[in-house]
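# Survey of secondary and tertiary structure
Residues per chain are reported as follows:
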Amino acid sequence: MCGFAGFLGSECVEEEDKKRAVLMGNSLRHRGPDDSGVWIEPGFGIGVSHTRLSIQDLSSAGSQPMNSRSGRFVIAFNGEIYNFKELAGELRESKYVLEGGSDTEVLLGCIECFGLKKTLSLIIGMFAFALFDKRERQLILVRDRVGEKPLYYGWQSGVFLFGSEIRALDTHPACEARLNQRSIANLLAYSYIPDPDSIYCGVSKLLPGHSVVLSFDGSPGDESVSRWWSFPSPDIAQRARKTHGGLGESVESLNRVLNDVISDQSIADVPTGVFLSGGIDSSLTAAIMQRQSDSPVKTFTIGYDEPDYNEADHAKRIAEHLGTDHHELIVTPEHILDLVATISKYYDEPFADSSQLPTVLLSKLASEHVTVALSGDGGDEIFGGYNRYLWAEKLNGPFVSKVPLCLKRGVAGGIVLIPELFIAQWFDWAKRWLRLGSSVQVPAEKLRKLAKALKSESREALYRSLTTTCPAGELLIEVTPSNLIERHGETANVGTGSTEKMMRLDSVSYLPGDILVKVDRASMAFGLEVRAPFLDLRTIDFANSLPMEMKVTKSSGKIILKSLLQQYIPQELFSRPKSGFAIPVGRWLCGPLRDWGDSLLSREILNEQGIFNATAVRRMWEDHITGRENNVSCLWGILMFQSWMRTRNTV
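Residues numbered from 1 in each chain as written. Predicted model: local features only at pLDDT ≥ 70, side-chain atom pairs only at ≥ 80, totals over all residues. Heavy atoms only, no water.

Moving on to the overall build of the protein. The helix and strand inventory of the protein stands at 30 helices and 17 strands. A total of 651 residues make up the protein; the buried ones form 58% of that total. When contacts within the protein are restricted to residue pairs at least 6 apart in sequence, those whose partners lie at least 24 apart make up 73%. Carbon and sulfur atoms make up 51% of the accessible area of the protein, which totals about 25300 Å². (Helix = DSSP H or I, 4+ residues; strand = E, 2+ residues; numbered from the N terminus. Buried < 20%, exposed > 50% of the residue type's maximum accessible area, 1.4 Å probe, protein only. Contact = heavy atoms within 4.5 Å. Areas by Shrake-Rupley, 256 points an atom, 1.4 Å probe, with all protein chains shown as cover.)

The following block contains the structure:
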């Protein structure tokens, strides 16, 4: 794993270009602390820098930017090609001489021998890269199929800038750094800034499965953006489903696929481990990896000293059953106090999924023991694990769908009128009386979501209600959020079923914009590479070939994953409601984080910025800290933006 950044169109002399490339690279040293390099093409004002985290071939033969054997191509690459050994064999059969053992050299060799288009169809992995074709005088930017690795680009003051993180672009003097108001609205609405937008005007995130081509002497507007991969269309997936056997046969096929994928993703010349939350996806990953290993696999988990949120005990029991070398960190408010003031430095643009906090702490814990960690990311989107899929099935079912909309709106209005403090007190009493565990959390917030969903006039409106975290329009001056269905509907290649449509939309929006951003920035901050077997092309293709009833029914999700996991772990160790990576940040804002939050949401700062409706924000803050309403979903987005602004010394 690495980081790279560069520019095209500079009018500076060679030495000045080199200094700027070095500065851009230095801003990404956390992504690649082991090595660095710079390549300059003075005649065209081109510069690119690379920082390396050595995973495959730790020698200097893997250093970048790397020249192809013929000298035609130069590449700066971030990621891993999991089938590089197989491709290396094909290159040797083609008489191509490989000097080292890195996947970057294999990738570059394939481009030279087979061409870029065929190479992209051959490689399996997570990646983003900048390729310079000196013969055709072109810069080509490419991002992987599902967006595991980031890539920003855009014209700023007449210079084309690009890089793994937006902070690298920020170091170049051409970067204008003008805030994108629509991105702020999207941050509040969704807790992240959806692709292709960024926090800056004129800077975009390259969409997953896309590429950009620009001539060395190009100018703004000359770049060509195209898609090179998308999820298989519904008709192709449907034809594949007709060839599938029953659930038992499919479980065995999935077992073979995941064993192959995890075996390939475990290859590294450095220590490896697994993120183990105790959920279906991470438990299955850890179980397969442990069965393939001759020694205890290192596993890592985060817990809390608040019982309602602590899932660490589940992970610990699974680790004991598997026989892994388990490591856990129990997070206290003191941990969060130390982290929260600096969290924005890990996320180079505003990001507001509160599970970013434990993800940073988990990455730090794992980095003290390993350099590569496998995770269960992607399992929810690919195999149907989110609770909203079950809600959609029930709300679109024959009973609820026949209820008149006016009656559903009436029920929703009644739910909204119930004070959240009353709901919380009643729920705490019910849990004690019924001796319930921590399987259900923040009931008032879930009821509010249900109320919003009941008022939905269509399936599209239902999806928006289930994925929108905050009514951002009420808190901002003039700007409103984007409609993700309109933005990503075509990319999702949606089928006829509403659940399938939601899964596809999540895969092209929430997955790359939230989940993968959260993990990439947190892990790379500590020089840790995280790999996701469920996002391997082989796993995705297999999942797309399954009928929906093997993934989601009205009562359960991840049907096939649960069936497979029973071959490795007793069902009682993992059979419980999905809880996610929830943290008690709402409570902490009323206690240890109250002064921090109050300082960021001062009326003076809000009025001076002119972005937020200061009266509405302050009212929401007061309602939260006094316990009248649980407003953490909205407040966290504003707080993360303000924290990011403070980090940049602009508040």
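Quick look at the sheet that holds strand β7 (residues 138–143) now. Taken in spatial order, the 6 strands of this open sheet run β4-β5-β6-β7-β11-β12, and their pairing is antiparallel. Edge positions in the sheet fall to β4 (66–67) and β12 (224–227), since each of these pairs with one other strand and no more. Relative to β7, strand β6 (residues 125–133) runs antiparallel, the two sharing 6 bridges. If you follow alanine 130 over to β7, its bridge partner there is leucine 141. Together, β4, β5 (73–81) and β6 form the strand contacts of helix α3 (residues 103–114), whose direction differs from that of β5 by roughly 125 degrees. (Pairing = 2+ DSSP bridges. Axes fitted to C-alpha atoms, helices over the stretch in contact; angles between N-to-C directions.)

What follows covers the state of the cysteines. As enumerated under the stated definition, the model contains 1 disulfide in all. Two residues share a disulfide in this structure: cysteine 470 and cysteine 634, whose sulfurs sit 2.2 Å from each other. On the S-S bond that ties cysteine 470 to cysteine 634, the torsion sits near 110 degrees, and the link is right-handed. Taken together, the residues cysteine 470 in the loop between α20 (459–467) and α21 (484–492) and cysteine 634 in helix α30 (residues 632–647) connect sequence positions 164 residues apart. Cysteine 634 matches cysteine 470 in its accessibility class, with the two residues each being buried. (Disulfide = S-S within 2.5 Å.)

The strand order across the open sheet built from 5 strands is β15-β14-β13-β16-β17, with neighbouring strands paired in parallel fashion. For this open sheet the edge positions go to β15 (325–331) and β17 (529–531), each flanked by a neighbour on one side alone. Taken over all neighbouring pairs, the strand axes of this sheet differ in orientation by 30 degrees on average, direction set aside. Pairing geometry for strand β13 (residues 272–275) and strand β14 (residues 298–304), over 3 bridges, is parallel. Its bridge partner lying in β14, phenylalanine 275 is registered against phenylalanine 300.

We now examine the packing of helix α6 (residues 181–190) against α30. Direction vectors running N to C along α6 and α30 enclose 140 degrees, while the axes themselves pass 7 Å from each other. In terms of axis orientation, α6 runs oblique to α30. In the packing of α6 onto α30, the handedness of the crossing is right-handed. Contact residues: α6 offers Ile184, Leu187 and Leu188, while α30 offers Gly637, Ile638 and Phe641. (Parallel < 35°, antiparallel > 145°, perpendicular 65-115°, else oblique. Left-handed = near helix turned anticlockwise from the far one by under 90°.)

Attention now goes to the packing of helix α8 (residues 247–265) against helix α9 (residues 280–292). The geometry of α8 relative to α9 is characterised by a closest axis approach of 10 Å and an angle of 70 degrees between their N-to-C directions. Between α8 and α9, the crossing angle belongs to the class labelled roughly perpendicular. Residues Asn255, Leu258, Asn259, Ile262 and Ser263 of α8 form the contact with α9, whose own contacting residues are Leu284, Thr285, Ile288, Met289 and Gln292.

Once that is clear, we can look at helix α11 (residues 333–340). Along α11, the residues that are buried comprise Pro333, Ile336, Leu339 and Val340. Looking straight down α11, one finds its buried side chains confined to an arc of 125 degrees; they lie on one side. (Arc of directions from axis to C-beta.)

Our focus in this paragraph is the environment of methionine 550. Within the secondary structure, methionine 550 sits in the loop between α24 (537–544) and α25 (559–565). On the accessibility criterion, methionine 550 (7% relative accessible area) is buried. When residues no more than four places from it in sequence are discounted, the contact partners of methionine 550 are Gly245, Gly246, Leu247, Ser250, Ile559 and Ile560.

Now for the nonpolar core. As a rule of thumb, nonpolar side chains are buried together in soluble globular proteins. Counting 145 residues, the largest nonpolar core has Phe612 and Trp636 as the members making the most contacts within it. Examining the composition of this core, we find that 10 residues originate from one element, α30, more than from any other. Contact partners of tryptophan 636, with chain neighbours within four places excluded, come to Val340, Ala352, Asp353, Ser354, Gln356, Leu357, Val585, Leu589 and Trp596. In this structure, Phe77, Phe84, Ile123 and Phe127 belong to the second largest nonpolar core, which totals 23 residues. (Core = buried A, V, L, I, M, F, W, Y, C linked by side-chain atoms within 4.5 Å.)

Our next topic: the environment of glycine 202. Within the element layout of this structure, glycine 202 appears in the loop between α6 and β10 (204–205). A relative accessible area of 47% places glycine 202 in the partly exposed class. Placed 46 residues apart in sequence, glycine 202 and glutamine 156 show a C-alpha to C-alpha distance of 6.8 Å. Among residues more than four places away in sequence, those in contact with glycine 202 are Tyr153, Gly154, Trp155 and Gln156.

The next point concerns unusual backbone geometry. Cis geometry marks the peptide bond from glutamine 64 to proline 65; its omega dihedral reads -5 degrees. Within the element layout of this structure, proline 65 appears in the loop between β3 (46–52) and β4. Of note, the amide linkage connecting aspartate 195 to proline 196 takes the cis form, showing an omega dihedral of 5 degrees. Its location among the elements puts proline 196 in the loop between α6 and β10. In this structure, serine 157 is a non-glycine residue whose phi angle is positive, near 50 degrees.

Summed over all chains, the structure comprises 27 salt bridges. Residue aspartate 281 is joined to lysine 558 by a salt bridge in which the shortest nitrogen-to-oxygen separation is 2.6 Å. Placement of the pair is aspartate 281 in helix α9 and lysine 558 in the loop between α24 and α25, with a sequence separation of 277 residues. Taking relative accessible area as the criterion, lysine 558 reaches 6% and is therefore assigned buried. We note a salt bridge from arginine 521 to aspartate 348, for which the minimum N-O separation is 3.3 Å. Separated by 173 residues along the polypeptide, arginine 521 in helix α23 (residues 510–524) and aspartate 348 in the loop between α12 (343–346) and α13 (356–367) bring together distant segments of the chain. Each member of the salt-bridge network shares a partner with another, and the members are Arg31, Lys149, Glu165, Arg167, Asp348, Asp520 and Arg521. (Salt bridge = Lys/Arg side-chain N within 4 Å of Asp/Glu carboxyl O.)

As a further point, take the side chain of threonine 359. Tracing the backbone shows threonine 359 in helix α13. Judged by its relative accessible area of 3%, threonine 359 falls in the buried class. From its side chain, threonine 359 meets the backbone oxygen of serine 355 in a polar contact 2.7 Å long. (Polar contact = N/O pair within 3.5 Å; in protein donor to acceptor, adjacent residues only side chain to side chain.)

Moving on: the layout of surface pockets. Within this model, the second largest pocket holds a volume of roughly 220 Å³. As for the second largest pocket, its lining consists of Leu116, Lys117, Leu120, Ser121, Gln138, Ile140, Arg145, Ser211, Val213, Ser226, Trp228 and Trp229. Of all the secondary-structure elements, those providing two or more residues to the lining of the second largest pocket are α4 (116–122), β7 and β11 (210–215). Here the residues of the lining of the second largest pocket are counted per class, giving 6 nonpolar, 4 polar and 2 charged. (1 Å grid on protein atoms, 1.4 Å probe; cavity = no way out; pocket = protein on both sides within 12 Å on 5 of 7 lines; lining within 4 Å. Points joined across faces, edges and corners; volume = space filled by probe spheres on them. Nonpolar A, V, L, I, M, F, W, Y, C, P; charged D, E, K, R; others polar.)

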